[in-house]
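One-letter residues, chain by chain:
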Amino acid sequence: MEGFVETFLDEDSREPEVAEISPISRQLFDDTGWRHRLNPAVSPVRACLLFFPTYVVAVIAGRSLIIPGSLISATWPAVGVAFAWLFPLACHRRWWTQPTLWVAAGLIWTGSVTVNLVTGLPWVIVPFAGLSNVVGALVTSLVFIARCNGLPQLTTARELRCFVGSCLIGVSAAWFTFPLSGLVSGRLSFLTTMFWMLRNVVSIVVLGAGALLFLGTSSHRMMTRGSWAIAVIAAGLSGALIVGATQFQAERAVSFAVIIIGIGTATLFSPRQVYAYVLVVALVITVMATTGHPPFGGDTAADQAGLAHSVILIVFVVAMSTSLDREERVALLHQVRREAVAARQAGNRAGLQARLLSTVVAAMHEGVVVLDEAGRAVVVNDAATRLVGLSPGDQPLDLCPALVDIVNTESEGPTDMDRPGLSGPHHSGHGTLEVAVTRIDTDDIARTVLIVRDVTVERRHVDDLRTFARVAAHDLRQPLAALVMWLEILADDLPAPPDGTSTRDMLAPLRAATERMETFLNDLTDYSVARDGVPQPSRFVVEDLVRQVITERLVRMSGPPASVDVDAPVEMSADPVMMRQVVDNVISNAMKYVQEGQAPRVDVSAAVEADDVVLRIDDAGVGIPAGEEEAVFTEFHRAQEHAAHYAGSGLGLAICRRIVERHGGTIKAGASPLGGTRIEIRMPRPEGAADSR
């Protein structure tokens, strides 16, 4: 039952419609088919043409069944029709501002007053009689909406109980209109007003529940499906039982039989079919009670009508509660089945993915090892067995201690290790392995994943290339020195050309080429030293080392004088020769990469931050192109827009990174507050390091 308002919006309808429809109401009635034409909140004119005549007929029917000697009718279906009319209009959040609701309430009051006056009800209490239907239907609607958390519907037994309670509250509020006025004027007794309440509660409960079940989309969500033919047969048999009981003076037994049959139908039929059954039984009981053949006995007509309404209410509540409980259980069972199917499908997909992953891992050339919290290998593929000799369940500490050392160091990036000497048909002896460690920590598990790759051949090729580069750099120094010497001799002894150019100027391009070659060979040698040299750490003050480098640079540089500021009075523990190389390379770049004619500016600072000594070198030069901050630390990389204007080998910052990382530190490049480049170096803080000031 999901929509009492925007249900059945007909695109071809030309009737005026409510401009704003409550979101609650949109969920209460279906939005297609004939229900749209019955929705007062969507098509108020069409709804009035249906509900007003129905309401007037219901009032006339009630007034035609007056209890002898009383002003009260034996039954009163009009209040149930009023509820079905006002309920969708009351679903608006600001219901009191809706003109259509007050128009409908006015029509209900007018219809009641007119029929009551025509049928002889005393005019003094006629206005209160019309008001009682409006108050009862409207208060019931508002209480039901409020108690159902904004989504009033009739799909569970709890909602039925909520609806019956709302009807009691609504009719109790209406008691202060017509019944109270009759009681005060002496035209009604207190017992008569109590019967009035019972009668109106039964009318709203039975007819209002029908509106919620058949007009709303709750009917579309019903899971149980019974046979309408059997429901009709059961209703006919129950009616025949009631009629027959009156002929054989068995009125007392029939009330129990009707209740038992009602419960039996609730276990067989859907809620709509149970409602139809109870409605037929209620009509039979009402007709017999008002025509002088009360099926449940009673001394007076009021007693007979009261007993009939009591039985109708009991049968309705018991049968509908049982049916809705059954409906709820069936819906829950369907949901459980759907979730079970979904879980089974998810399990099948997970199993398929697991098998696929196992196949992929088994086929990998790289070794895959997964360690649990205890350090035991829980997953080992064939490649890992071949490379490090592990099997599932092994402890790496027993078979491959070097692997455990790599796991415990928590190093960043892949780490090389010597391949253990393994024998057998599946092993190939010693070599070099690269191990990458990834840790997976969740609330449930903690695993360590190792990816092992055989890089023996690759490292051998790299070593051969490095050896070649080192030997080539060493062997080229002697011929390069001879070339420089001959250039000096030529510059002194070679006659000047006839055009007046000096011999030294004529040889300047050759001299510049030899200087670039010499720089390249020096960088190549420095890179080899940074890679292969063993650091000899000692403690020193950073500012002293920086000032030495700057003093030497200022002596050798030409052009506008550089502006240098140094504030680095902290201690560092590192190889001073290697760190001097790092600082010299960075400051050299800071003084070289400036606009032509611009004086270099360099600011050097160092401080202790947590467990690091942080050295920052800022310049006001041309800076590093965006996106190349990481690439500048790779071998032979030069920014394309700078390569044509500034000489260099592309090894300077690569040497810096190699040295810093060999000391356990990090180095990165970024933008400087001065407008150029900032190089930030973080080194492990030596014990007790602090400012030397």
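Worth saying up front: this structure is predicted, and the values here are computed from it rather than measured.

Engineer: Kindly report on the confidence of the model for the chain, identifying the contributing residues and their values.
Structural biologist: Summary statistics for the chain give a mean pLDDT of 76 and a share of 71% for residues scoring 70 or more. A low-confidence stretch, residues 23-27 stays under pLDDT 50, and its non-local contacts, those more than four residues away or across chains, total 22 contacts.

Engineer: Now, about the sheet that holds strand β7 (residues 563-567): what can you tell me, with residues and values included?
Structural biologist: Read across the sheet, 5 strands follow the order β7-β9-β10-β12-β11 without closing on themselves; strand pairing throughout is mixed. In this open sheet, the two strands that pair with only one neighbour each are β7 and β11 (666-671). Taking the axes of each pair of neighbouring strands and ignoring which way they run, one obtains an average angle of 15° across the sheet. Sheet analysis places β11 next to strand β12 (residues 677-684), joined by 6 bridges and oriented antiparallel. Bridging from a neighbouring strand, A669 pairs with I679 of β12. Contacts from helix α19 (residues 542-556) reach β7, β9 (601-609) and β10 (612-619) within the one sheet, and its direction differs from that of β7 by about 165°. Contacting β7, β9, β10 and β12, helix α20 (residues 576-592) crosses the sheet at an angle of about 25° to β10.

Engineer: Describe the nonpolar core, with residues and values.
Structural biologist: Core analysis: the largest hydrophobic core is formed by 80 residues, its most contacted members being L154, F163, F178, W196 and F316. Where this core is concerned, the elements lending two or more residues are α2 (44-63), α3 (78-90), α4 (99-118), α5 (126-147), α6 (157-174), α8 (190-215), α11 (271-290) and α12 (301-363). Top element by residues in this core is α8. It accounts for 12 residues. Counting residues in each nonpolar core, the second largest holds 38 residues, with V549, M578, A590 and L651 among its members.

Engineer: Mind laying out the sheet that holds strand β4 (residues 431-441), listing which residues take part and the relevant values?
Structural biologist: The antiparallel open sheet is built from 5 strands, whose spatial order is β2-β1-β5-β4-β3. The open sheet has two edge strands with one neighbour each: β2 (377-380) and β3 (415-419). For this sheet the average axis-to-axis angle between neighbouring strands, irrespective of direction, equals 30°. Across 5 bridges, strand β1 (residues 367-371) lies against strand β5 (residues 446-454) in antiparallel orientation. Residue pairing for β5: L371 is matched across the bridge by T448.

Engineer: A description of the pattern of salt bridges should follow, citing residues and the corresponding values.
Structural biologist: Scanning the model with the defined rule gives 15 salt bridges in all. Taking the shortest distance from any N to any O, the salt bridge between R547 and E543 comes out at 3.1 Å. In this pair, R547 and E543 both sit in helix α19, 4 residues apart, roughly one turn of the helix. The partner of R682 in a salt bridge is E609, and the shortest N-O contact between them spans 3.1 Å. Remark: E609 occurs in strand β9 and R682 occurs in strand β12; sequence separation between them is 73 residues. Residue classification places R682 among the partly exposed positions, given a relative accessible area of 24%. Through salt bridges with shared partners, a single ionic network connects E609, D612, R616, K668, E680 and R682.

Engineer: Quick one: what's the story with unusual backbone geometry, residue by residue and with numbers?
Structural biologist: The phi torsion at A610 lies on the positive side, around 55°, for a residue other than glycine. Among the structural elements, A610 can be located in the loop between β9 and β10.

Engineer: Residue-level account of the environment of P392, with values.
Structural biologist: Locating P392 in the fold gives a position in the loop between α13 (382-388) and α14 (396-399). Once the C-alpha coordinates of P392 and R376 are considered, the two residues, 16 residues apart in sequence, prove to be 8.0 Å apart. Once residues lying within four places of it in the same chain are set aside, the contact partners of P392 are A377, V378 and V380.

Engineer: Tell me about the packing of α3 against α4, and name the residues and values.
Structural biologist: It is at 9 Å that the axes of α3 and α4 come closest, and there the two elements cross at 165°. Taken together, the axes of α3 and α4 are roughly antiparallel relative to one another. Two packed elements cross with a definite hand, and for α3 against α4 that hand is left-handed. Seen from α3, the contacting residues are A82, W85, L86, L89 and A90; seen from α4, they are T100, L101, A104, A105, L107 and I108.

Engineer: Can you tell me about the packing of aromatic side chains, naming the residues and giving the values?
Structural biologist: The full count for this structure, using the stated rule, is 9 aromatic pairs. Where F83 meets F87, the ring centres are 5.3 Å apart and the plane angle is 25°; that geometry is what we call stacked. One end of the pair, F83, and the other, F87, are both in helix α3, 4 residues apart, so they sit about a helical turn from each other. What makes F87 buried here is its relative accessible area of 0%. Centre to centre, the rings of W95 and W102 are 6.1 Å apart; their planes meet at 45°, and the pair counts as tilted. Accessibility expressed as a relative area gives 43% for W102, which makes it partly exposed. Grouping aromatic residues by their ring pairs yields a cluster made of F83, F87, F144 and F163.

Engineer: So, a nonpolar patch on the surface: which residues are in play, and what are the values?
Structural biologist: A cluster of nonpolar side chains, W109, F128 and L131, forms an exposed patch at the surface whose accessible area comes to about 250 Å². By the secondary structure assignment, F128 is in helix α5. By relative accessible area, F128 is classed as partly exposed at 35%.

Engineer: Explain the side chain of E680 to me, and be specific about the residues and the numbers.
Structural biologist: Relative to the helices and strands, E680 is located in strand β12. Here the side chain of E680 touches R616 through a polar contact of 3.0 Å, side chain to side chain. Within polar-contact distance, the side chain of E680 engages the side chain of R682 at 3.2 Å. Once residues lying within four places of it in the same chain are set aside, the contact partners of E680 are V614, L615, R616, T666, I667 and K668.

Analysis parameters
- Residues numbered from 1 in each chain as written.
- Predicted model: local features only at pLDDT ≥ 70, side-chain atom pairs only at ≥ 80, totals over all residues.
- Heavy atoms only, no water.
- pLDDT = per-residue confidence, 0-100.
- Contact = heavy atoms within 4.5 Å.
- Pairing = 2+ DSSP bridges.
- Helix = DSSP H or I, 4+ residues; strand = E, 2+ residues; numbered from the N terminus.
- Axes fitted to C-alpha atoms, helices over the stretch in contact; angles between N-to-C directions.
- Core = buried A, V, L, I, M, F, W, Y, C linked by side-chain atoms within 4.5 Å.
- Buried < 20%, exposed > 50% of the residue type's maximum accessible area, 1.4 Å probe, protein only.
- Salt bridge = Lys/Arg side-chain N within 4 Å of Asp/Glu carboxyl O.
- Parallel < 35°, antiparallel > 145°, perpendicular 65-115°, else oblique.
- Left-handed = near helix turned anticlockwise from the far one by under 90°.
- Phe/Tyr/Trp six-rings, centres within 6.5 Å; stacked < 30°, edge-to-face > 60°.
- Patch = residues over 30% accessible without salt bridge, like charges linked within 9 Å, V, L, I, M, F, W, Y side chains within 5 Å.
- Areas by Shrake-Rupley, 256 points an atom, 1.4 Å probe, with all protein chains shown as cover.
- Polar contact = N/O pair within 3.5 Å; in protein donor to acceptor, adjacent residues only side chain to side chain.

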